[in-house]
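# Tertiary structure, described
Chain by chain, the residues:
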Amino acid sequence: QVRLVESGGGSVQAGGSLRLSCEVSPGYMFSVTAVGWHRQALGKQRELVAAISSGGRTNYADSVKGRFTISRDNALNTVFLQMDNLVTEDTGVYLCAAGSPGGRHPGYDYWGQGTQVTVSS
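Quick summary incoming for the structure in this document. (Residues numbered from 1 in each chain as written. Predicted model: local features only at pLDDT ≥ 70, side-chain atom pairs only at ≥ 80, totals over all residues. Heavy atoms only, no water.)

## Describing the packing of aromatic side chains
- The final tally for this structure, using the stated rule, is two aromatic pairs.
- Pairing Tyr28 with Tyr110 gives two aromatic rings, centres 5.3 Å apart and planes at 85°, and the pair type is edge-to-face. Residue Tyr28 is found in the loop between β3 (18–24) and β4 (35–40), and its partner Tyr110 is found in strand β10 (residues 108–111); the two are separated by 82 residues along the sequence.
- On the accessibility criterion, Tyr110 (29% relative accessible area) is partly exposed.
- Sitting above the plane of the Phe30 ring, Arg72 keeps its charged end 4.5 Å from the centroid. (Phe/Tyr/Trp six-rings, centres within 6.5 Å; stacked < 30°, edge-to-face > 60°. Helix = DSSP H or I, 4+ residues; strand = E, 2+ residues; numbered from the N terminus. Buried < 20%, exposed > 50% of the residue type's maximum accessible area, 1.4 Å probe, protein only. Lys NZ or Arg CZ within 6 Å of the ring centre and 35° of its normal.)

As structure tokens, then:
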């Protein structure tokens, strides 16, 4: 069973920073798997905010470009999301998700439980 465990959420004031971590259970061929961070805000649709391919290529939602940085450490089976200059609109539950090894099919196969991020003004 593949498990993804997020950590690093919390409450910060606008302008602050947080660093989220997503650890994927061993044995999932993590190094050849894309991982994405998604945000679920109250009353809004879940959105993909940042993703990183197995080769390290990244993409970001327009709303977070220049403020968020996604990275991965294959030795640790972990993906990070550095969030700087946070704004109140960044509030939500952040979930990471892993795709299929080698990108055999599109989308994400496994999801974590999420970690809450709250940004106050």
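## Concerning the nonpolar core
- Trp37, Leu81, Met83 and Tyr94 are the most contacted members of the largest nonpolar core, which totals 27 residues.
- Elements that contribute at least two residues to this core include exactly β3, β4, β5 (47–52), β7 (68–73), β8 (78–83), β9 (92–99) and β11 (115–120).
- Ranked by residues supplied to this core, first place goes to β3 with four residues. (Core = buried A, V, L, I, M, F, W, Y, C linked by side-chain atoms within 4.5 Å.)

## Brief notes about the state of the cysteines
- Inspection of the entire model under this criterion finds one disulfide.
- Between Cys22 and Cys96 runs a disulfide, and the two sulfur atoms are separated by 2.0 Å. Because the torsion about its S-S bond is 60°, the bridge between Cys22 and Cys96 counts as right-handed. You can see Cys22 sitting in strand β3 and its partner Cys96 sitting in strand β9, a full 74 residues away along the chain.
- On the basis of relative accessibility, which here comes to 0%, the residue Cys22 falls in the buried class.
- The buried category is assigned to Cys96, whose relative accessible area is 0%. (Disulfide = S-S within 2.5 Å.)

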